[in-house]
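Architecture at a glance
Listed here are the chains, written in short residue letters.
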Amino acid sequence: MNLAVSYAQIQGPRAEHQDAYYGSASNKTRVFTVCDGMGGHEGGAIAAQLAVEAVRATFSRKPLQSESCSEQLHYSVMQANESIFVAQKTSPKLATMGTTLVALVFNPWLPAEASAVWAGDSRIYRLRTNELTQLTSDHSLMQRYRDQNPGLSTKELETLYIRQHRDAGSQLSDQRL
């Protein structure tokens, strides 16, 4: 199996770059992860780096076993979550920090087999015979609307989102009066 990995980043309107990534394509371990700190929250870059470091450390410490690829990947995400949780407690400024995460590990004993985990709206795609396929779905409110209303365009989904939030806000205001 030929494996090519690429990483691209586009600097958005925010001043701080909050992406972190790690990849290892040795014969023993083929693991890749990308994290994107939650914009608008203090410490997003720190959360992304902590998550990437947890994945890297997990796969660097312990030799990969054929039956444990998926379990080791899940363990690394639990470690990432714990690292971020501990760091949140160190400073009130970091209390709301968070990150998205996608990670993929290829089983070296079964090269066509891979395990993936993801949280948030970072995605995994597969490029095969010049066709790009999204393999993950976002953990977001907009994705939930998309799943519940498959015939609506992105513009119609945005209108629905705005209308429902506006209506929810007016109901909340009415209840407070």
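Computed from a predicted model, the values in this text were never measured in an experiment. Just so you know, the residues in each chain are numbered from 1, in the order the chain's sequence is written. With the structure being a predicted model, the display of local features is reserved for residues of pLDDT at least 70 and the display and counting of side-chain atom pairs for 80 or more, all residues being used for whole-chain, interface and lining totals. Values reported for side chains reflect all heavy atoms of the structure, with hydrogen atoms and water molecules removed beforehand.

On to the overall build of the protein, then. Each helix corresponds to a stretch of at least 4 residues labelled H or I by DSSP, and each strand to a stretch of at least 2 residues labelled E; elements are numbered beginning at the N terminus. Looking only at helices and strands, the protein features four helices and six strands. Buried residues in the protein amount to 31% of all 177 residues. Contacts are assigned to residue pairs that have any heavy atoms within 4.5 Å of one another. Within the protein, residue pairs in contact and separated by at least 24 positions form 45% of the contacts whose partners lie at least 6 positions apart. Reported accessibility uses the Shrake-Rupley method at a 1.4 Å probe radius. Residues are deemed covered only where the shown protein chains occlude them. Of the roughly 11800 Å² that the protein leaves accessible, carbon and sulfur atoms contribute 52%. The rule is simple: take the accessible area with a 1.4 Å probe, protein chains only, and divide by the maximum for that residue type; under 20% is buried, over 50% is exposed, in between is partly exposed.

Any Phe, Tyr or Trp ring, taking Trp's six-membered ring, that has another such ring centre within 6.5 Å forms a pair; planes under 30 degrees apart are called stacked, those over 60 apart edge-to-face, and the others tilted. Evaluation of the coordinates by the stated rule reveals one aromatic pair. Seen from their ring centres, Phe 32 and Phe 106 are 6.4 Å apart, and the 75 degrees between their planes marks the pair as edge-to-face. Taken as a pair, Phe 32 in strand S2 (residues 30-37) and Phe 106 in strand S3 (residues 99-106) lie far apart in primary sequence, 74 residues in all. Neither residue differs from the other here; Phe 32 and Phe 106 are each classed as buried.

So, on to the pairing of strand S1 (residues 19-25). Along S1, the buried face is formed by Ala 20, Tyr 22 and Ser 24; none of Asp 19, Tyr 21, Gly 23 and Ala 25, which line the opposite face, is buried. Two strands pair when backbone bridges link them, and S1 and S2 are joined in this way by seven bridges, in the antiparallel orientation. The partner of Tyr 22 across the bridge, within S2, is Thr 33. Strands were regarded as paired on the criterion that DSSP finds at least two bridges between them.

Before going further, it helps to examine unusual backbone geometry. Its identity is not glycine, yet Thr 129 carries a phi of approximately 45 degrees, on the positive side. On the secondary structure map, Thr 129 appears in the loop between strand S5 (125-128) and strand S6 (131-134). On the accessibility criterion, Thr 129 (75% relative accessible area) is exposed. Look at Asn 130: it is not a glycine, yet its phi comes out positive at around 60 degrees. With respect to the helices and strands, Asn 130 occurs in the loop between S5 and S6.

Turning our eyes to something else, we now look at the environment of Pro 92. Along the chain, Pro 92 turns up in the loop between helix H2 (69-88) and S3. Between the C-alpha atom of Pro 92 and that of Glu 42, which follows or precedes it by 50 residues, the distance is 9.7 Å.

In a helix, the anticipated span is given by 1.5 Å times the number of residues less one. Given a rise of 1.5 Å per residue, 18 residues ought to cover 26 Å, and the 26 Å separating the end C-alpha atoms of helix H1 (residues 44-61) matches this to within 8%. Along H1, the residues classified as buried are Gly 44, Ala 47, Ala 48, Ala 51, Val 52, Ala 54, Val 55, Ala 57, Thr 58 and Phe 59. On its buried side, H1 packs onto S1, S2, H2 and S3.

Another aspect to go through is the pattern of salt bridges. We define a salt bridge as a contact between a side-chain nitrogen of Lys or Arg and a carboxyl oxygen of Asp or Glu at a distance within 4 Å. For the structure on display, the rule yields two salt bridges. Among the ionic pairs, Asp 138 bridges to Arg 123, the shortest N-O distance being 2.8 Å. Of this pair, Asp 138 sits in the loop between S6 and helix H3 (141-148) while Arg 123 sits in the loop between strand S4 (114-119) and S5, and the two are 15 residues apart along the sequence. Its relative accessible area of 10% is what places Asp 138 among the buried residues. For Arg 123, a relative accessible area of 35% puts it in the partly exposed group.

From the geometry alone we can't say anything about function, so treat these as descriptive.
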